Amino acid sequence: MKKSLVILCAAALGLGACNNYKDAPGGTKYIVHKSEGKEKIKVGDIVKLNFIRKSEKDSIMSSTYDVEQPQIFPVAEKMYAGDMNDILTMFGEGDSATFKLNLDTMATRSGQPKPPGTKDTYMLFTIKVEKVLSKPKNEPDSVFLKKAQEFFEKDYQASVAQRKSAEEGKIKKYIADNNLKVKTTASGLQYVITAPGDAQRAQPTDTMMINYTGRFTNKKTDGKDNVFDTSVKADAEAAGKPSMPGMEYGPRPFQLGKAIPGFDEGLKMLGKGGKATFIIPSRLAYGEAGMQGGIPPYTPLVFEVEMVDIKKPM
């Protein structure tokens, strides 16, 4: 993690005891941690933004740093004074700040309810404006959008290349930090079998009932394990990750040939009762494309698995 990010995260995590917020329209409050003094963001600008989103009680709800993938989007006209688009126009490229978005104002002015289950008045965002691309006054929208697309495509490709070159180091660091004694298959899957299970191994027509926890190799912004999916309630709670809607905790069914290659290969090593950790390089997972909405390109994955049962077809 870069030094500047450590400082920013430390600021974000320590703001609960800080009352130096300034008032902004719509009941929003803000603090500027660092200003580069550059031109302020305008409606129509395209911004590249890293952020940490927190509840009023200081719990981190999401972070672009956790998936190492900033958000890129155009700044739209404000719906009301003090909304997200309005607040962003207070900052410029290179600035970092925290603002409290008033959820009551948002619900009243936008007609949209508060996020489900929250009674908070505010939602906190600690942001870092990484890049701003501004539209020249007399430039046609079509020309600007083409330039913006080309610019951010180049930026994205550079980011992907950096992720690719860093992958091997991430895997080595994870293994060293967790003191794992791994074995490596010919494909590049690294694994630790803590219990092989019985002699039975799953066949393609069998249904395996598996408990699993999938992690990224880096820690989350709050220092917790970076869990992206799990069937184990205790692991989800420890990582601060809620269950997906409609999903229940407990062993889940899998069949060989219907998961990512590294996961498949690892499961073939286990019998009923078996337990193992798989460290899966991206070429055996989601590769250079990643998985939209959750797993960036060239992301190695770690799975802890337990083979609860192997069921033969009826």
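A separate point is the overall build of the protein. Assigned secondary structure in the protein consists of 6 helices and 14 strands. For the protein, the spread of C-alpha atoms along the principal axes amounts to about 70 × 40 × 40 Å. Counting across all 314 residues of the protein, residues that qualify as buried make up 42%. Put simply, of all contacts in the protein between residues at least 6 apart along the chain, 65% involve residues at least 24 apart. Total accessible area computed for the protein in this model is approximately 17000 Å², and 54% of it derives from carbon and sulfur atoms. Charged side chains of the protein number 46 positive and 38 negative; the gap between the two group centres comes to 2 Å.

Before going further, it helps to spend a moment on the pattern of salt bridges. All chains considered together, the criterion is met by 25 salt bridges. Salt-bridge contacts for glutamate 130 lead to lysine 128; the nearest nitrogen and oxygen are separated by 3.9 Å. Its salt-bridge partner being glutamate 168, residue lysine 172 comes within 3.2 Å of it at the nearest N-O pair. With a gap of 4 residues between them, lysine 172 and glutamate 168 both fall in helix H4 (residues 141-177), about one helical turn apart. Residues lysine 172 and glutamate 168 agree in their burial class; the two are exposed. Salt bridges sharing partners connect three or more residues here, namely Arg215, Lys219, Asp225 and Glu304.

This brings us to the environment of glycine 214. Counting through the fold element by element, glycine 214 comes out in strand S10 (residues 207-216). In this structure glycine 214 comes out as buried when scored by relative accessible area, which is 0%. Sequence-wise, glycine 214 and methionine 123 are 91 residues apart; in three dimensions their C-alpha atoms are separated by 28 Å. Beyond its immediate chain neighbours, meaning those up to four positions away, glycine 214 contacts Asn226, Val227, Phe228, Asp229, Val302 and Phe303.

Inspection of helix H3 (residues 103-110) places Leu103, Thr105 and Ser110 among the buried residues, and these make up the whole buried set. For H3, the buried positions fall inside an angular range of 155° around the axis, keeping them on one side. Check the buried side of H3 and you find it contacts strand S6 (96-102) and strand S7 (122-133). For H3, the N-terminal capping position is held by asparagine 102, with its side-chain oxygen 3.0 Å away from the main-chain nitrogen of aspartate 104. Positive phi shows up at glycine 111, right after H3, with a value of about 80°.

Turning next to the environment of alanine 285. Within the element layout of this structure, alanine 285 appears in the loop between strand S13 (275-280) and strand S14 (301-311). Through-space distance from the C-alpha of alanine 285 to that of glutamine 69 is 18 Å; in sequence the pair is 216 residues apart. With near-sequence residues (within four places) excluded, alanine 285 lies in contact with Ile260, Pro261, Ile280 and Leu301.

Our focus in this paragraph is the environment of lysine 311. Mapped onto the elements of the fold, lysine 311 is located in strand S14. Overall, lysine 311 belongs to the partly exposed group, its relative accessible area being 42%. Each C-alpha atom, one on lysine 311 and one on methionine 209, is 7.8 Å from the other, the two residues being 102 residues apart in sequence. Apart from the residues lying within four places of it in its own chain, the contact partners of lysine 311 are Asp206, Thr207 and Met209.

Notably, asparagine 179 is not glycine yet its phi reads approximately 50°, a positive angle. Within the secondary structure, asparagine 179 sits in the loop between H4 and strand S8 (183-184). Here tyrosine 298, not a glycine, exhibits a phi torsion of approximately 55°, which is positive. You can call tyrosine 298 buried: its relative accessible area is 13%.

Parameters at a glance
- Residues numbered from 1 in each chain as written.
- Predicted model: local features only at pLDDT ≥ 70, side-chain atom pairs only at ≥ 80, totals over all residues.
- Heavy atoms only, no water.
- Helix = DSSP H or I, 4+ residues; strand = E, 2+ residues; numbered from the N terminus.
- Buried < 20%, exposed > 50% of the residue type's maximum accessible area, 1.4 Å probe, protein only.
- Contact = heavy atoms within 4.5 Å.
- Areas by Shrake-Rupley, 256 points an atom, 1.4 Å probe, with all protein chains shown as cover.
- Lys, Arg positive; Asp, Glu negative; His and termini not counted.
- Charge placed at Lys NZ, Arg CZ, Asp CG, Glu CD.
- Salt bridge = Lys/Arg side-chain N within 4 Å of Asp/Glu carboxyl O.
- Arc of directions from axis to C-beta.
- Polar contact = N/O pair within 3.5 Å; in protein donor to acceptor, adjacent residues only side chain to side chain.

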